[in-house]
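So the chains spell out like this:
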Amino acid sequence: MKKEEEDVSAGVAAIKTLLTVIENYKVATVRELDLNLQLAVDAMRHCDQPVAAISSGCELFMRFITLAKLDVKSFEECEQIMLQRGRIFLETLLEARGKVAKQALPFIVDGCKIVTHSRSRVVLQAMIEAAKANKRFQVYVTISSPDNSGIRMHKELEAAGIDATLILDASLGYILEHADLVMLGAEGVTESGGIINKIGTYGLAMAAMELKKPVYVLTESFKFSRIYPLNQRDLPNEFKYLSSVLKSGDLSKQHPLVDYTPPAYITLLFTDLGLLTPSAVSDELIKLYL
């Protein structure tokens, strides 16, 4: 799926994969179906893809569809309801990015200067929506080592007619002094309201707080995860490194792909559930898993 659809996120691809498992692997009991789905989740967690969104999205998907077990008597009927619920879940997921972009629109005003880090699909969509609304603003995009994903983000912004400047990761402190706000995506949102995102996000958020610049995070609710890290070491290694790196065994010389930004550095989260403060995330997680 990632090869065929260039712009599909790992989380959405994971949900589509679980739906494919339900459709194509014929079993006779709910227990067997559960085992198949769990095997698929475990396999995806060992792919060379960012695991944070895969983990939270699959957990929420499994919770959403397996409620059907309690509603019906026959397995066939149960399987059909699971499929139906799974498709509804996927449709909701696909609509989420547009909802988040609309939430952010009032915060992008004429003449503002925005700093963003790496490449975020939802941040890109929000900025494109703002440009279509005839708002004129300037964006500073970090190159974002080590994969230089900011270069692609910069090209896409320019292609949309948005005034964008590619900057060195090391120049963030200098640029932030002249900026109005920081706008970020997230690979995962923790129960505390902090975020897991591309390495360098933590440093950017700390600099923004020191310079009194608001930090806005744009993210879909399927990335809300029931983990509560207290620091960088608390993040699971499977979130910080690709599976191929973990298999090598020695992580002492490896650079993590993501870091953890505590909620104290985040001003607001724009989500498909609405505008949230970091402290509201735990309440929303409780609602999602009820």
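Residues numbered from 1 in each chain as written. Predicted model: local features only at pLDDT ≥ 70, side-chain atom pairs only at ≥ 80, totals over all residues. Heavy atoms only, no water.

## A word on the domain arrangement of the chain
And then number 1: When its domains are assigned, the chain resolves into domain 1 (10-96) and domain 2 (100-289).
And then number 2: Between domain 1 and domain 2, the C-alpha centre-to-centre distance is 28 Å.
And then number 3: Contacts between domain 1 and domain 2 engage 19 residues on the former and 18 residues on the latter.
And then number 4: Both faces combined, the contact of domain 1 with domain 2 buries some 1,700 Å², and carbon together with sulfur accounts for 57% of it.
And then number 5: Seen at the junction of domain 1 and domain 2, the total is 2 salt bridges.
And then number 6: Among the salt bridges present, the one from Glu59 reaches Arg226, with a minimum N-O distance of 2.4 Å.
And then number 7: At the boundary of domain 1 with domain 2, the tally comes to 6 residue pairs in polar contact (both at pLDDT 80 or more).
And then number 8: Taken together, the residues of the side of domain 1 that touches domain 2 sort by class into 9 nonpolar, 6 polar and 4 charged. (Domains from an automatic or database assignment. Contact = heavy atoms within 4.5 Å. Buried area = accessible area lost by both parts, 1.4 Å probe. Salt bridge = Lys/Arg side-chain N within 4 Å of Asp/Glu carboxyl O. Polar contact = N/O pair within 3.5 Å; in protein donor to acceptor, adjacent residues only side chain to side chain. Nonpolar A, V, L, I, M, F, W, Y, C, P; charged D, E, K, R; others polar.)

## Comments concerning the side chain of Lys213
And then number 1: Locating Lys213 in the fold gives a position in the loop between α8 (201-210) and β7 (215-218).
And then number 2: In this structure Lys213 touches Leu176, Glu177, Ala179, Asp180 and Ala208, once residues within four positions along its chain are discounted. (Helix = DSSP H or I, 4+ residues; strand = E, 2+ residues; numbered from the N terminus.)

## Describing the nonpolar core
And then number 1: By size, the foremost hydrophobic cluster in this structure holds 42 residues, and its most contacted members are Leu18, Leu37, Phe61 and Leu269.
And then number 2: Put simply, the parts of the chain that give this core at least two residues each are α1 (10-24), α2 (30-45), α3 (51-65), α4 (75-104) and α11 (281-289).
And then number 3: The element that contributes the greatest number of residues to this core is α1, accounting for 9 residues.
And then number 4: Per-domain counts for this core show at least three residues from each of domain 1 (10-96) and domain 2 (100-289).
And then number 5: With near-sequence residues (within four places) excluded, Leu37 lies in contact with Leu18, Val21, Ile22, Met62 and Ile65.
And then number 6: Counting residues in each nonpolar core, the second largest holds 26 residues, with Cys112, Val122, Met153 and Leu268 among its members. (Core = buried A, V, L, I, M, F, W, Y, C linked by side-chain atoms within 4.5 Å. Buried < 20%, exposed > 50% of the residue type's maximum accessible area, 1.4 Å probe, protein only.)

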